[in-house]
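Observations on chain architecture
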Amino acid sequence: MTLNCVSARAGNGRWSELSRPRCGCSGPRLSSFSGTSSTKHWEDDVRRFHRMFRHSTDTELVVLVGNHDIGFHYEMDWFKLQRFEKVFNASSTRIVTKKGVNFLLVNSVALHGDGCPICQSVEKELIKLSKDLNCSLQSLQPGGGATDGCDGSQLFPPSSPIMLQHYPLYRVSDAGCTGQDAAPPEERHLLFREKYDVLSKEASQRLLHLFKPRLILSGHTHSGCEVLHDNKYPEISVPSFSWRNRNNPSFILVSNNTAWKDSPKHREDVQNTFTLTILLLVSSFSPPPPPQASVSPDSYTLSKCFLPEESTVIGVYCSAGACLMLLVLAHCMWIKGLLQCSSLCLLGKHKSL
């Protein structure tokens, strides 16, 4: 899943132009097999990743880890995790704050709850982040300020986080998923395996209890789905943004346009709008449509954008190739007919002589 943050200029409520990207977050899936690849293959994958995610020096690139980056849980070790964190200079579990909105990035590969050293480290960091967020929320309550147990806590904007992770929270299957980017009907009733297709029930409930996220964004299944956990925690599984995995890749657009609320003038002419594009793999094919999406410290709306279907693109290429062949054939036939006509004319002149 990729989160790409860019600045934009909007005029009269419509998409006008992109300008000066500010930050970007991508993940997971650095490559198809990076989690278990050799050092040489890893370095090749990193170079390809940086080519795909080219950005200016004033753009912050934030990366979210997945099983294709450090392996599945049984393949994960400190070497692979530290290799990933060293390349992208960031911890795999952390909070990124942009314009008052807290984005919680979770290393969901390490949430098996089996007591492995990496799992213990990630769980410890999650507990610390949960405490920091709770202290931040309590600081704004009447009579807040110094709160018991909050000494030394890092303060974040007092807003429930948007949680980003590779694995979806626990659900039985995709049976309740609908939409053109959902799994095919014949696959929707296939049961998911805990700790492989989705997180376990225990890990999912623990994350919800610790953070009470107002939105969860996940990937891994390659298909889109919207789930409401405990009737109050919405999760959106983002489909694959790659023709390798599906015929109709798509992405979700979220725009932090809180300035639109300030005045009618801002609704007509907002500059430097913070934009988030959530993808599974990045590939620029066509400009996104005018976004109807926003996120603020207390609300959000989303917009889903689709690429052309792979079958359509292949059909266009095949049609273009067939038309080209027909043109070449017609040209050859025309030249052949012209030569035959010239020969007949020359033969007629020779007989007349």
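In this report, we go over the structure that sits alongside the text. Along each chain, the written sequence defines residue order, and numbers are assigned to residues from 1. Only residues with pLDDT of 70 or above have their local features reported here, since the model is predicted, and side-chain atom pairs are shown and tallied only from 80 upward, although totals for entire chains, interfaces and linings are computed over all residues. Excluding hydrogens and water, the side-chain values take into account all heavy atoms of the structure.

1. Digging into the overall build of the protein chain
To keep it simple, the criterion reads: The numbering of helices and of strands both runs from the N terminus, where a helix is a DSSP run of H or I of at least 4 residues and a strand a run of E of at least 2. We call a residue buried when its accessible area falls under 20% of the maximum for its residue type, exposed when it is over 50%, and partly exposed in between, using a 1.4 Å probe and counting protein chains only. Residues are treated as being in contact if the distance between any of their heavy atoms lies within 4.5 Å. Accessible surface area values rest on a Shrake-Rupley calculation with a 1.4 Å probe, where residue burial reflects the displayed protein chains alone.
Assigned secondary structure in the protein chain consists of seven helices and 15 strands. The burial tally for the protein chain puts 46% of its 353 residues in the buried class. Expressed as a percentage of contacts within the protein chain between residues at least 6 apart in sequence, the contacts between residues at least 24 apart total 66%. Summing over all exposed atoms, the protein chain offers an accessible surface of approximately 18,700 Å²; the carbon and sulfur share of this is 57%.

2. Some words on unusual backbone geometry
Phi is positive for N89, close to 50 degrees, though the residue is something other than glycine. Structurally, N89 is set in the loop between α3 (78–88) and β5 (94–98). With a phi angle near 60 degrees, N231 is a residue other than glycine that sits in the positive phi range. The residue N231 is located in the loop between β9 (225–229) and β10 (233–237) in this model. Classification of N231 by relative accessible area gives exposed; the value is 71%.

3. Quick notes on the side chain of H73
Put simply, the rule is: Throughout this description, a polar contact denotes any pair of N or O atoms lying within 3.5 Å of each other; where both atoms belong to protein, one of them has to be capable of donating a hydrogen while the other can accept it, and for residues adjacent in sequence the pair is counted only when both atoms sit in side chains.
In this structure, H73 sits in the loop between α2 (67–70) and α3. Of the polar contacts made by the side chain of H73, one reaches the side chain of D114; its length is 3.4 Å. When neighbours within four sequence positions are excluded, H73 is seen to be in contact with V109, A110, H112, D114, C116 and C119.

4. Thoughts on the nonpolar core
To keep it simple, the criterion reads: Remark: nonpolar core denotes a set of buried residues (Ala, Val, Leu, Ile, Met, Phe, Trp, Tyr, Cys) joined through side-chain atoms within 4.5 Å.
In terms of nonpolar packing, the biggest core is built from 37 residues, with L111, L207 and F211 touching the most fellow members. Looking at this core element by element, the count peaks at six residues for helix α4 (residues 117–138). Leaving out residues up to four positions away in the same chain, L111 has contacts with V106, V122, L126, L199, A203 and L207. In terms of nonpolar packing, the next biggest core, distinct from the first, is built from 15 residues, F103, L105, I236 and V254 among them.

5. Observations regarding the layout of surface pockets
What counts is decided by this rule: With a 1 Å grid laid over protein atoms only, a set of points is called a cavity when a 1.4 Å probe fits there but cannot get out and a pocket when it is open yet has protein on both sides within 12 Å along at least five of seven lines; lining residues have an atom within 4 Å of a point. Grid points are joined across faces, edges and corners, and a volume is the space filled by probe spheres set on the points. Only Asp, Glu, Lys and Arg are considered charged in this grouping, and only Ala, Val, Leu, Ile, Met, Phe, Trp, Tyr, Cys and Pro are considered nonpolar; every other residue, Gly among them, is considered polar.
Taken as a whole, the second largest pocket holds about 330 Å³ of empty space. Around the second largest pocket, the lining is made up of 15 residues, and of these A183, E187, F192, T221 and S223 lie nearest the centre. Its residues assigned to classes, the lining of the second largest pocket shows six nonpolar, five polar and four charged.

6. Brief notes about the state of the cysteines
Note the cut-off: The disulfide criterion used throughout: a pair of cysteine sulfur atoms within 2.5 Å.
Evaluation of the coordinates by the stated rule reveals three disulfides. Linked covalently through their sulfurs, C135 and C150 form a disulfide whose S-S length is 2.0 Å. Residues C135 and C150 are joined through a disulfide that is left-handed, its torsion about the S-S bond being -85 degrees. Here C150 lies in the loop between α4 and β7 (162–165) and C135 lies in helix α4, a separation of 15 residues in the sequence. Judged on exposure class, the residue C135 and its partner C150 are both buried. Here C177 pairs with C225 through a disulfide, and the sulfurs are 1.8 Å apart.

7. Some details on helix α5 (residues 201–211)
Convention followed: Taken from the helix axis, the directions to the C-beta atoms give the arc we talk about.
Regarding α5, the residues found buried are A203, S204, L207, L208, L210 and F211. Viewed along the axis of α5, the buried residues span an arc of 170 degrees, placing them on a single side of the element. Every exposed residue of α5 that faces more than 90 degrees away from the buried side is listed here: E202 and H209. Turning to α5, the residues buried within the fold contact β6 (101–106), α4, β7, β8 (215–218), β9 and β10.

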